[in-house]
Amino acid sequence: MLALFERFLAELPERSDRLYILGDLFEAWIGDDDDDPAAARVLAALRRASGRGLDIRVMHGNRDFLLGPGFEQRSGTRLVPDPLVVDIAGEPSLLMHGDSLCTDDQAYQQLRRQLRDPDWQRDFLARPLPERRAMARQLRATSRQETAAKDEAIMDVNPDAVAAALRRAGVRRLIHGHTHRPGHHHLQLDGRPAERIVLGDWYQAGSALWCDEAGCRQRPVLPAG
Ligand code: LP5
């Protein structure tokens, strides 16, 4: 997938206005001093693409919420807040990672509150790199076990949370990832049409959402050959 992502960035058309990466770019980001070789390749690919003039914005995901200013410097990209409202070809659109919409997954929401606590983050980042790496590996393993046992339904977004987020932002289009359930959902919000677009993951193949005046379309990013 790393090579596929490198090629995807290298082949992005010059006329692309902007690329938004809506979180979980990394399997686990343990601090801006991370010296993982795979992460270094991702950073280098981002730097090359931004060096060509591509404007790349990155949002925190539940696995890389510790991306900070050091990451921005090393990648040539800019971090953006979650949620973020942007104008996409004239349509105000709400961009989110998506994890905060999974309100039925209470065990995760409790973990999220802990991990986003600035005091906890300061304490974690003060630990030596190998210790942080071991803790992250342990948490990923726990997460894999837990998600395998959880009811699928509670790991999806909650419809009321979606409606509330759209209303708060005052928009009718939401784009998010996180749930690994790519799709394009048409819904009614206060008697008017709205849409929720869910990005795919990059496990078996890649995928990207292309938006212009005609709307948004998901396109697979496939290995060459
Ligand atoms: O990521 P994914 O898709 O597998 O599952 C998520 C939720 N899991 C997570 C955890 C991440 O996978 C791991 C993040 C690594 C970050 C590295 C930097 C910080 C290292 C911190 C080291 C302590 O987000 C999963 C959701 C799922 O999405 C669907 O929404 O269900 O949530 C869980 O699995 C959480 C469990 O239900 C509860 C886990 C309790 C763990 C207790 C460990 C205590 C450590 C607390 C430290 C304050």
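Quick note: structure is the one above.
Thresholds applied
- Residues numbered from 1 in each chain as written.
- Predicted model: local features only at pLDDT ≥ 70, side-chain atom pairs only at ≥ 80, totals over all residues.
- Heavy atoms only, no water.
- Disulfide = S-S within 2.5 Å.
- Phe/Tyr/Trp six-rings, centres within 6.5 Å; stacked < 30°, edge-to-face > 60°.
- Helix = DSSP H or I, 4+ residues; strand = E, 2+ residues; numbered from the N terminus.
- Buried < 20%, exposed > 50% of the residue type's maximum accessible area, 1.4 Å probe, protein only.
- Polar contact = N/O pair within 3.5 Å; in protein donor to acceptor, adjacent residues only side chain to side chain.
- Contact = heavy atoms within 4.5 Å.

(A) Structural context of the state of the cysteines. Using the criterion set out here, one finds one disulfide in the structure. The side chain of Cys211 participates in a disulfide bridge whose partner is Cys216; the two sulfur atoms lie 2.2 Å from each other. For the disulfide bridge between Cys211 and Cys216, the dihedral angle about the S-S bond is near 110°, and by the sign convention the bridge is right-handed.

(B) Representation of the packing of aromatic side chains within the structure. Following the criterion strictly, the structure yields six aromatic pairs and no others. Seen in terms of ring centroids, Phe8 and Trp202 are 5.6 Å apart; in terms of plane orientation they differ by 70°. Their pairing is edge-to-face. In this pair, Phe8 sits in helix α1 (residues 2–10) while Trp202 sits in the loop between β8 (192–198) and β9 (206–212), placing the two residues 194 residues apart along the sequence. Ring plane angle 75° and centroid distance 5.8 Å describe the contact between Trp29 and Phe71, whose orientation is recorded as edge-to-face. In this pair, Trp29 is assigned in the loop between β1 (18–21) and α2 (37–51) and Phe71 in helix α3 (residues 69–75), connecting sequence segments 42 residues apart. Taken individually, Trp29 and Phe71 each receive the classification buried, so the pair is uniform in this respect. Put simply, the rings of Phe5, Phe8 and Trp202 pair up and form one aromatic cluster.

(C) Focus on the side chain of Ser93. Summarising the element assignment, Ser93 is placed in strand β5 (residues 91–95). Under the relative-accessibility criterion, Ser93 is labelled buried at 0%. A distance of 3.1 Å separates a polar atom in the side chain of Ser93 from a polar atom in the side chain of Arg173. Residues within four places of Ser93 in sequence aside, it is in contact with Leu84, Val85, Val86, Ile88, Val171 and Arg173.

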